[in-house]
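Report on the structure
Spelled out, the chains give:
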Amino acid sequence: MKILVCGKGGCGKSVVAALIAKELANRGKRVLVVDTDESNFGIYRNFGVEQPKDFMEYLGGKDAVREVLIKSIQNGSGERVRMFKKITIDEIPEDYVVSKGNIKIMAIGKIHDFGEGCACPMGAVAREFLEALKLNEDEYVVVDTDAGIEHFGRGVEAGCDVIVAIVEPSYESIQLTNKIVELANKIGKRVVILANKVDDETAKLIKADAYLPFKREIYIACLEGKELPEVDEIGDVVDILVAN
Ligand SMILES: Nc1ncnc2c1ncn2[C@@H]1O[C@H](COP(=O)(O)OP(=O)(O)OP(=O)(O)O)[C@@H](O)[C@H]1O
Ligand SMILES: [Mg+2]
């Protein structure tokens, strides 16, 4: 199953993606975390591991991928560029994966320099990779995304089975979640809404499938750039995800 985690900037996508991955691993599953956020460097820190190398480099680098994409536009075929045939977790080159127990973490690619160009090549690679990735029953993929809904525009969701929409207690976040549900419905993807950083009062104001309270130990671990602690409450959303 491929699970994509999305939501407004700062709502807790990376934290929740990491907690879901850890919980699945605790349940004996093999997990691949795919970081598709080109701007934030963070999710590997939530596992207390080193930063993985950009997977983009495996494909010759961002410029090479951009050229392939431009050529396909220029030749007017309008055909999608297929970057991968079928690929399995074990076939991902080791150099681009960092492991933590049953969890493997990889990053599609980051913006590193001033003026290096837009992130479209990363979006294309993320989409192609996720669609080509074949899993067996005990394998799960957790995709961490960039803030907002650009990844819908890029079609990254196409290769995923379920979308976890993170909503934090703010009007803007609730509005964005409504939009995510609308977009997911349009492409026929299941959505599970997780309200994050709630307390007893705010939880009552947000309609969600599962709730993760604001937890000081998460907040401090993030502040210190350390591995996330185990959090029992994440079990509820994982139960919902694996039940279907
Ligand atoms: N359940 C929680 N309890 C306490 N703090 C939390 C919780 N979830 C997230 N946070 C806080 O919110 C911050 C942002 O979380 P996170 O980096 O996961 O958000 P994000 O949605 O991935 O952000 P971005 O859009 O920048 O990628 C964390 O650094 C942490 O301080
Ligand atoms: Mg993030």
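Cut-offs and rules
Every chain is numbered on its own, with residues counted from 1 as its sequence reads. Going through the entries in the order they are written, you letter the chains from A and number the ligands from 1. pLDDT decides what is reported in this predicted model: residues at 70 or higher carry local features, side-chain atom pairs at 80 or more are listed and counted, and totals for whole chains, interfaces and linings draw on all residues regardless. Hydrogens are left out, water is left out, and the side-chain values use all remaining heavy atoms of the structure. Only protein chains enter the accessibility calculation, which uses a 1.4 Å probe; a residue whose area is less than 20% of its type maximum is buried, one above 50% is exposed, and one in between is partly exposed. Segments assigned H or I by DSSP are reported as helices when at least four residues long, segments assigned E as strands when at least two residues long, and all are numbered from the N terminus. Strands pair, by our definition, only if DSSP identifies at least two bridges between them. Nearness here has a simple test: a residue counts as near a molecule or strand if at least one of its heavy atoms is within 4 Å of that partner. What qualifies as a polar contact is a pair of N or O atoms within 3.5 Å, subject to a donor-acceptor requirement within protein and to the restriction that residues adjacent in sequence count only when both atoms come from side chains. A 1.4 Å probe and the Shrake-Rupley method give the accessible areas. Residues count as covered only by the protein chains that appear here. With a 1 Å grid laid over protein atoms only, a set of points is called a cavity when a 1.4 Å probe fits there but cannot get out and a pocket when it is open yet has protein on both sides within 12 Å along at least five of seven lines; lining residues have an atom within 4 Å of a point. More than half of a molecule's atoms within 2 Å of the grid points is what it takes for that molecule to sit in a cavity or pocket. Classification used: nonpolar for Ala, Val, Leu, Ile, Met, Phe, Trp, Tyr, Cys and Pro, charged for Asp, Glu, Lys and Arg, polar for all others including Gly. Here the term right-handed applies to a crossover when the path leading from its first strand over the helix to its second strand runs clockwise, the strands being oriented away from the viewer. Classification of ring pairs uses Phe, Tyr and Trp, with its six-membered ring standing for Trp, and accepts pairs whose centres are within 6.5 Å; under 30 degrees between planes counts as stacked, over 60 as edge-to-face, and the remaining range as tilted. A ring is considered to have a charge above it if a Lys NZ or an Arg CZ atom is located within 6 Å of its centre and within 35 degrees of its normal.

**A look at the pairing of strand β5 (residues 103–107)**
Within β5, four of the five residues are buried, leaving the element largely enclosed by the surrounding structure. Where strand β4 (residues 98–100) meets β5, three bridges bridge the pair, whose relative direction is antiparallel. Each bridged residue has a counterpart across the sheet, and for Ser 99 the counterpart in β5 is Lys 104.

**Some thoughts on unusual backbone geometry**
A positive phi angle, near 65°, is found at Lys 197, a position not held by glycine. Residue position: Lys 197 is located in strand β9 (residues 190–198). Given the relative accessible area of 32%, Lys 197 is considered partly exposed.

**Things to note about the site of ligand 1**
Inspection of the region around ligand 1 gives 20 residues, with Lys 13, Ser 14, Val 15, Asn 196 and Lys 215 positioned closest. At 2.7 Å, a side-chain N or O of Lys 13 approaches an oxygen atom of ligand 1. In this structure, Asp 37 approaches ligand 1 through a side-chain N or O atom, which is 3.5 Å from an oxygen atom. In isolation ligand 1 offers 630 Å² of accessible surface; the protein chains occlude 82% of this area. According to the grid-proximity analysis, the pocket containing ligand 1 is the largest pocket. If you list the elements that add at least two residues to the shell around ligand 1, you get α1 (13–26), β9, β10 (210–213) and α7 (216–223). The class makeup of the residues in the shell around ligand 1 is nine nonpolar, six polar and five charged.

**Description of the pairing of strand β8 (residues 162–167)**
The buried fraction of β8 amounts to six of the six residues, a majority that puts the element mostly inside the structure. In β8, alternate side chains face the same way, and those of Val 162, Val 164 and Ile 166 on one face and Ile 163, Ala 165 and Val 167 on the other are all buried. Where β8 lies against β9, six bridges are found, and the strand directions are parallel. Across the sheet, Val 164 pairs through a bridge with Val 192, a residue of β9. As for the winding sense of the linkage, the β-α-β connection from β8 through helix α5 (residues 171–186) to β9 is right-handed.

**Structural notes on the packing of aromatic side chains**
Applying the stated criterion across every chain yields a total of seven aromatic pairs. Aromatic side chains Phe 55 and Tyr 58 sit 5.4 Å apart centroid to centroid with 25° between the ring planes, which places their arrangement in the stacked category. With relative accessibility at 41%, the residue Tyr 58 sits in the partly exposed group. For the ring pair Phe 55 and Tyr 96, a centre distance of 6.1 Å and an interplane angle of 85° mean the geometry is edge-to-face. In this pair, Phe 55 is assigned in the loop between β2 (30–35) and α2 (62–74) and Tyr 96 in the loop between β3 (87–88) and β4, connecting sequence segments 41 residues apart. Comparing Phe 55 with Tyr 96 shows no difference in burial state: the two are buried. For Lys 53, the ring lying beneath its charged end belongs to Tyr 96, and the centroid distance is 4.9 Å.

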